[in-house]
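An overview of the molecular structure
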Amino acid sequence: MEIFGGQAVVIVGAGPRGTSVMERLLARYAAEADAGRDARNATAPRRPLHIHLVDPFPPGPGHVWRTEQSRLYLMNTQAFFPTLIPDQGVAAAPLAGCSFNQWREAMRATPDHTLSGGDRTELAALAATGFPSRALYGRYLSWCFARLLEKLPDGVQVTLHAGEAKRVARDHERGGYGVELLNGETLRADSVVLALGHVESRLSPAQRELRDEARSHGLTYLPPAVPNDVDWDQLPAGETVLVRGMGLNFFDVLGQLTEGRGGRFEATGRGPGDALRYLAGGREPVIVGASRRGTPYRAKAELASYYPAGVALRFLCEEAVTRIRDMGATAGFDHDIWPLLHRDALWAYYTTLARTRPDAVSPGFLPALDALLHSGAGTDARDWAEQLKSLEGSHMAAGLALDLPALARPLQRHPLRPGGSHRFGSQEELDAAVLAYLSDDAAGSARGEDDPVKMAIGALNAGRAVIKSLVADRGITQESWLGELRGWFEGFVEGLASGPPALRMEQLAALVRAGVVHFAGPDPVFRIQHGIFSASSPWVADEPWQARHLVEALAPANRIQGTASRLLNNLQADGLVRPRVMLASDGGPVVTSGLDVSAPPYRPLDGAGLPVEGLYVLGLQLSSVQWGTAIAAQANAEYRSGYRTVLDADAIAADILA
């Protein structure tokens, strides 16, 4: 397709990130046009801009946030959190749109004609602290996209291509690129932005083996997938269904197999931890949840803000971050970062405990703890830990000391059963232990800022925001990234701070009490034996669970080398991109999950290690230079990492229009 004599930009992926790049291009184009007229004269035109958006899914919502999906699929952040439109950190003011919460308020006051009946019903009940459905967030994204199209600056044209891009190739004759679509069309572009989001991935060797063996026995194996893409009706009522993974996708599976089949929850009047009972619809399967830790992620605390208002980072603070950043890429997570964040978690926990349980803590404890926390420099770590243990033991009631490993692996810290080598003597014993964990966690979430455990987790979550910026600034060593940050801390903090709304924990507890959900135990082993799936745990002295159906409750793996994306595979084959390779602590090379890119604006490095001019990357494929920034941009963000996506999109737009 020939462009109308101006600059052509192709954005591959029209979901939130692709739309964010478009928004930044429009805002910068308008601002620079206005500045040019002021500096020269009113007749000096700017070079025309033609933006092509390529995506088989609707622009704005994209794949994940489609507006027609079930309202049982909830966001993992509250209504006050997300925004597509920047509110800080950028020079060019937005032309249109607002944060999700501002949109929520506007739509409640004056509903837009595009809202469905389901949208209106949900909006009527949704508070700023509530968790919206993904469908409603998709409606917001669609609305923002439409408003941007209404505000196109003079000289800008936007064309939508409802299809898939299969190849980006250099145009050696005219410069720039040719973007080939599956329908045979080729778009010529001066610049190309890869904002691909979640793409299909190939199964791991173990998953492929399980799938193939399942097929040979006529079993149902559902691989990792975006939940809205799955046909849940293929799982029959009354039969046992094994669900591997108890992160966020686990609750999506539960919703579809319970409420999605006519079941419902009602209030018990018994308060947090036992607030709901489940009334079966009659079409539920028997659901068996399994994961490494044996329990779901901990639920979010019920707060009026994303980070607890009463928690302030005293050790992993800006001054400390500056010192770490000034070290260059020589800082180690375990040595330089974790000791500071650990102290912040301890202080958040014990100050909350002293405030809410003054009878359980001696008067001199907090001053002594404060002195110990500030004495870390030059102190042997084991000696410091012993001093902390001694201080805890002498100043507080038994059983109240903060044990972070126990929070992350609660079942493995369960006392040994007398006379046996297993922690749980039966399936019933395990289910009872998990139910107690669920009830306790839901009650803690309801206490909000008055719960010491949730405040310690709140400090970890705030510290995670600081660490995200450090990582993006390439502030830690490669071996520390691989062996420490990704090696243990990522799974640890996600299980504590990235969990579902507290409502989900109450619902799961009700499903356990109703006998709909059971658990396999920690460190489960899955195999096919005698023509049927089995799941067993070394921590449970009982017969393995058996089933004809297994669900992988995981999102598709975000790995460049394991991708099933035609486009990414062609880009690698053509030498325009490559995965990033890091060196482990033993000096061996490790192929990481994301692309190898330059500093922002992120350009992929080609096979020779050179930045590819005019080609940019935004989002999930940056997982080897960014950590944990797949979440949406945060409105009124307290930390720079909260609006990192917007900053990246703005840097790309600035470079394109330079």
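All of the points below concern the structure found in this document.

What counts and what doesn't
- Residues numbered from 1 in each chain as written.
- Predicted model: local features only at pLDDT ≥ 70, side-chain atom pairs only at ≥ 80, totals over all residues.
- Heavy atoms only, no water.
- Helix = DSSP H or I, 4+ residues; strand = E, 2+ residues; numbered from the N terminus.
- Buried < 20%, exposed > 50% of the residue type's maximum accessible area, 1.4 Å probe, protein only.
- Contact = heavy atoms within 4.5 Å.
- Pairing = 2+ DSSP bridges.
- Axes fitted to C-alpha atoms, helices over the stretch in contact; angles between N-to-C directions.
- Core = buried A, V, L, I, M, F, W, Y, C linked by side-chain atoms within 4.5 Å.
- Phe/Tyr/Trp six-rings, centres within 6.5 Å; stacked < 30°, edge-to-face > 60°.
- Lys NZ or Arg CZ within 6 Å of the ring centre and 35° of its normal.
- Expected span 1.5 Å × (residues − 1).

1. Describing the environment of P556
Following the sequence through the fold, P556 ends up in the loop between strand 17 (549-552) and helix 16 (566-573). Judged by relative accessible area, which is 15%, P556 ranks as buried. On a C-alpha basis, the gap between P556 and A135 in space is 20 Å, while along the polypeptide they are 421 residues apart. The contact partners of P556, leaving out residues within four places of it in the chain, are V199, S201, P224, A225 and V226.

2. Considerations on the sheet that holds strand 14 (residues 525-529)
The strand order across the open sheet built from three strands is 14-15-16, with neighbouring strands paired in antiparallel fashion. At either end of the open sheet lies a strand with only one pairing partner, and these are strand 14 and strand 16 (545-547). Recorded for the sheet is a direction-independent mean angle of 25 degrees between the axes of neighbouring strands. Sheet topology note: the strand 14/strand 15 (residues 532-536) ladder contains five bridges and is antiparallel. Considered in strand 15, the bridge of Q529 is made with I532.

3. Comments concerning the nonpolar core
Ranked by internal contacts, the top residues of the largest apolar core, which has 56 residues, are Y350, L460, I467, L485, F489 and F492. Taken together, the elements giving at least two residues each to this core come down to helix 7 (318-326), helix 8 (333-356), helix 9 (365-373), helix 10 (381-395), helix 11 (404-408), helix 13 (452-472) and helix 14 (478-497). With eleven residues, helix 8 is the single largest residue contributor to this core. In this structure L485 touches F333, I467, V471, I476, S480, E490 and W627, once residues within four positions along its chain are discounted.

4. Here's the deal with the packing of aromatic side chains
In the structure shown here, the tally under the stated rule is 22 aromatic pairs. The ring of W347 is capped by R314, whose NZ or CZ atom sits 4.2 Å from the centre of that ring. One residue, R343, lies across the ring of W384, its end atom 4.1 Å from the ring centre.

5. Some words on the sheet that holds strand 20 (residues 615-617)
A sheet is described by the order of its strands in space; here five strands give the open sequence 3-2-1-7-20, paired in parallel fashion. Every other strand in the sheet has two partners, leaving strand 3 (156-161) and strand 20 as the edge strands with one partner each. Averaged over neighbouring strand pairs, the angle between their axes works out to 15 degrees when direction is ignored. Pairing analysis gives four bridges linking strand 1 (residues 7-12) to strand 7 (residues 191-194), with the strands arranged parallel. When the bridges of strand 7 are listed, I11 appears paired with V193.

6. Topic: unusual backbone geometry
Across the junction of P600 and P601, the peptide omega takes the value -5 degrees, indicating a cis bond. Along the chain, P601 falls in the loop between strand 19 (589-595) and strand 20. Not every positive phi belongs to a glycine, and D523 is a case in point at roughly 50 degrees. Exposure remark for D523: the relative accessible area of 27% places this residue in the partly exposed category. Its identity is not glycine, yet H530 carries a phi of approximately 55 degrees, on the positive side. Along the chain, the position of H530 falls in the loop between strand 14 and strand 15.

7. Points about helix 17 (residues 644-657)
Along its 14 residues, helix 17 runs 20 Å from first to last C-alpha, staying within 8% of the 20 Å computed at 1.5 Å per residue. Across the 14 residues of helix 17, ten count as buried, placing the element largely inside the fold.

8. Concerning the pairing of strand 1
With respect to burial, strand 1 is a largely interior element, six of its six residues being buried. Burial along strand 1 is two-sided: the face carrying Q7, V9 and I11 and the face carrying A8, V10 and V12 are both buried. As defined by bridge partners, strand 1 adjoins strand 2 (residues 49-54) across six bridges and the pair is classed as parallel. Within strand 2, the position partnered with V12 by the bridge is V54.

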